[in-house]
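Fold and contact review
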Amino acid sequence: MEPSSTEAGTPGPGLDGAHVPGLAEALPWLRLARHILVFTGAGISTESGIPDFRGPNGVWKTTDPQRYTIQSYVSDQSVRVERWRARLEGRFSDAQPNAAHLAVTRLQRAGLAPVVVTQNIDGLHQKAGTVNVIELHGTSSEAMCLDCARRMPMEVALDRVREGDEDPHCELCGGLLKTATISFGQPLVAADMDRGIDEARRCDVCLTVGSTLSVWPAAAVPVEAARHGARLVIVNEGVTDLDGMANLILSGRAGMVMTELVAAILAGGTQGRIQGPRW
Ligand SMILES: [Zn+2]
């Protein structure tokens, strides 16, 4: 258990937001927030060793996105074989949450961020102890049948690949199995998107972390929040498509910025919403 500066009883670095340009001026209204909707993208996981898509070393710099469409998965067996083999090698299955994921968990445990909406499929929010995570683009921890929608733990599907079935099919209906993630060309799960939009209408601050906010319909969540009067806070290393709508833009690595941001918000301790410092 990682004690926060507040719990340790001494003011730690970042409690006044001085290390992150722009943060100190925003603290008065950030500390009044009662319902923060956290919305995350690939940039929150790069410090865990998982490459993002559109960054300088992003996946799309070296990989053809055309091979990642649902159409190519369904029509081309070599794509499926390649994908299952890559999954079996499990390059990223040992990835661990980083400081940014842990900061989100602290915010949630303080009662300020009941729900997290993520575009990520890596499960790192849950590994960091965050609950109520809406995974708009699915999860790599399960496989599903594209015909009957039956789901199973990823390991069950991978066991079949290990046993020599290079292109496993559903045992019930014969349909194609696929990681339970949303590929290009594949619709999002409507219920997940609906929940995300509901949460957007409920929050008073929408905090986006590590997303270029350029992938739709996921980006509709922060847009909806802003339209309903929430303040928009963007944490990202580069520009995003929604910078023009933002009330606060914090540039930098997600781990550092989120650690400082959350420490500074919680150090406010206003309205009795969190336990105050003990000194
Ligand atoms: Zn099936």
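Here's a quick rundown of the structure. Keep in mind it's a predicted model, so treat the numbers as computed, not measured.

Cut-off values and rules
Once a new chain begins, its residue numbering starts again from 1 and follows that chain's sequence as written. It should be noted that, the model being predicted, local features are given only for residues of pLDDT at least 70 and side-chain atom pairs only at 80 or more, the latter also being counted only at that level, while totals for whole chains, interfaces and linings use all residues. For the purposes of this entry, the term helix denotes a DSSP run of H or I that reaches at least four residues, the term strand denotes a run of E that reaches at least two, and both are numbered from the N terminus. For every residue, the other C-beta atoms within 10 Å of its own C-beta are counted; 20 or more classify it as buried, 12 or fewer as exposed, and values in between as partly exposed. C-beta atoms are placed from the backbone. Strands pair, by our definition, only if DSSP identifies at least two bridges between them. Axes here mean lines fitted to C-alpha atoms, for a helix over just the part in contact, with angles spanning 0 to 180 degrees between N-to-C directions. Orientation labels follow simple angle bins: below 35 degrees gives roughly parallel, above 145 gives roughly antiparallel, 65 to 115 gives roughly perpendicular, and whatever is left gives oblique. In a left-handed crossing the near helix is turned counterclockwise from the far helix by less than a right angle, and in a right-handed crossing that turn is clockwise. In this description, any two residues whose backbone-derived C-beta atoms lie within 7 Å of each other are considered to be in contact. Note on residue categories: nonpolar means Ala, Val, Leu, Ile, Met, Phe, Trp, Tyr, Cys or Pro, charged means Asp, Glu, Lys or Arg, and polar means any other residue, Gly included.

Apart from glycine, the bulk of residues carry a negative phi angle, and the bulk of peptide bonds sit in the trans form. Proline 217 follows tryptophan 216 through a cis peptide bond whose omega is 10°. With respect to the helices and strands, proline 217 occurs in the loop between strand E7 (205-209) and helix H10 (220-227). At asparagine 132, a residue that is not glycine, the phi angle is positive and equals roughly 55°. Along the chain, asparagine 132 falls in the loop between helix H7 (124-127) and strand E3 (133-135). A residue is classified by how many C-beta atoms lie within 10 Å of it, and asparagine 132, with 14 of them, is partly exposed. One non-glycine residue with positive phi stands out, namely leucine 213, at about 55°. For leucine 213, a count of 25 C-beta atoms within 10 Å corresponds to the buried category.

On to the pairing of strand E6 (residues 177-181). In terms of residue burial, E6 counts as a mostly covered element, since four of its five residues are buried. One ladder, built from four bridges, connects strand E4 (residues 138-145) with E6; its direction is antiparallel. Within the sheet, the bridge partner assigned to methionine 144 lies in E6 and is lysine 178.

Attention shifts here to the packing of helix H6 (residues 99-109) against helix H11 (residues 254-268). Two elements in contact, H6 and H11, have axes whose closest approach is 7 Å; the angle formed by their N-to-C orientations is 20°. Looking at the two axes, H6 sits roughly parallel to H11. Of the two possible hands of crossing, H6 and H11 adopt the one that is left-handed. Contacts from Ala99, Ala100, Ala103, Val104, Arg106 and Leu107 in H6 reach Ala254, Gly255, Met258, Thr259, Val262 and Leu266 in H11. Of the residues contributing to the contact of H6 with H11, the split by class is nine nonpolar, two polar and one charged.

That's the geometry; what it means functionally is another story.
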